[in-house]
Amino acid sequence: MPFHDEIADFFGRYVDAFAREDVNKISELWDEVGLFPTPTGNFAMPRSAFRDHCATLFGFYRAQGVVRPKGALLSADELFPGVAQARMAYRMMGSNDAPVAEWEHVYILRRTDAWRVSLTIADGEMAAWAAKGVQL
């Protein structure tokens, strides 16, 4: 399968797992320990803590009126063999099928036996929620 198709397939499964709130599937799509750079500093999260984080995140999204996530792959580049950078656009849709929030997310992925997220930069998401007056 061509590189871009592999990454598009990966994020198709990723967004689908988010839509189903499947914390186990989402965490399987991440390296054992994921890195999260933020405007206030970096932190890492092992898989078990990441699953708990996803469950909390789903509760936050529901509280904001999100009923369905949409994601679109904007770009994907293979930086080195088995290392990729991808940019996603997310739209969190409400019950009236209007966007509740929108942002872009950048990911670094690594392929061992399969593609997995190693690092994500969530500044766009944090800014989108802050602009709505809520803290993520």
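Residues numbered from 1 in each chain as written. Predicted model: local features only at pLDDT ≥ 70, side-chain atom pairs only at ≥ 80, totals over all residues. Heavy atoms only, no water.

This part takes up the pattern of salt bridges. One pass over the structure, following the stated rule, counts twelve salt bridges. The closest approach of N and O atoms between Glu 102 and Arg 91, which form a salt bridge, is 3.4 Å. In this pair, Glu 102 sits in strand S5 (residues 99–111) while Arg 91 sits in strand S4 (residues 83–93), placing the two residues eleven residues apart along the sequence. Classification of Arg 91 by relative accessible area gives partly exposed; the value is 34%. (Salt bridge = Lys/Arg side-chain N within 4 Å of Asp/Glu carboxyl O. Helix = DSSP H or I, 4+ residues; strand = E, 2+ residues; numbered from the N terminus. Buried < 20%, exposed > 50% of the residue type's maximum accessible area, 1.4 Å probe, protein only.)

Buried within helix H4 (residues 123–131) we find Glu 125, Ala 128 and Trp 129. Down the axis of H4, the buried side of the element spans an arc of 90°, and every buried residue falls inside it. As for H4, its buried residues are in contact with helix H3 (47–63) and S5. Downstream of H4 by a residue or two, Gly 133 has a phi angle that is positive, lying close to 85°. (Arc of directions from axis to C-beta. Contact = heavy atoms within 4.5 Å.)

Residue position: Glu 125 is located in helix H4. Lys 132 provides the closest opposite charge to the buried, salt-bridge-free Glu 125, at an N-O distance of 12 Å. Those residues in contact with Glu 125, other than ones at most four positions away along the chain, are Leu 57, Tyr 61, Trp 103, Glu 104, His 105 and Leu 136. (Lys, Arg positive; Asp, Glu negative; His and termini not counted.)

Summed over all chains, the structure comprises 15 aromatic pairs. When the centroid spacing of 5.9 Å and the interplanar angle of 55° are considered together, the rings of Trp 103 and Trp 129 count as tilted. Of this pair, Trp 103 sits in strand S5 while Trp 129 sits in helix H4, placing them 26 residues apart in sequence. Residue Trp 103 shares its accessibility class with Trp 129, and that shared class is buried. The structure contains a cluster of three or more aromatic residues connected by ring pairs, namely Phe 10, Phe 11, Tyr 14, Phe 18, Phe 58 and Tyr 107. (Phe/Tyr/Trp six-rings, centres within 6.5 Å; stacked < 30°, edge-to-face > 60°.)

This part is about the pairing of S4. Alignment of strand S3 (residues 68–80) against S4, held across eleven bridges, turns out to be antiparallel. Within the sheet, the bridge partner assigned to Pro 69 lies in S4 and is Met 92. Taken together, S3 and the strand that follows it, S4, pair antiparallel across an intervening segment of two residues, in which Gly 82 is found at a positive phi of about 80°. Of the strand pairs in this sheet, S4 and S5 are connected by eleven bridges, and their pairing is antiparallel. The residue bridging Val 83 from the neighbouring strand is Arg 110, located in S5. Following S4, the chain reverses through five residues before pairing antiparallel with S5; Asp 97 in that reversal takes a positive phi of roughly 65°. (Pairing = 2+ DSSP bridges.)

Next up on the list: the nonpolar core. Counting 36 residues, the largest nonpolar core has Phe 11, Tyr 14, Ile 26, Tyr 61, Leu 109 and Trp 129 as its most contacted members. Mapped onto this core, the elements with two or more residues apiece are helix H1 (3–19), helix H2 (23–28), strand S1 (30–38), H3, S4, S5, strand S6 (115–121) and H4. Considering every element that reaches this core, the biggest residue donor is H1, with seven residues. Apart from the residues lying within four places of it in its own chain, the contact partners of Ile 26 are Tyr 14, Ala 17, Phe 18, Phe 50, Cys 54 and Phe 58. (Core = buried A, V, L, I, M, F, W, Y, C linked by side-chain atoms within 4.5 Å.)

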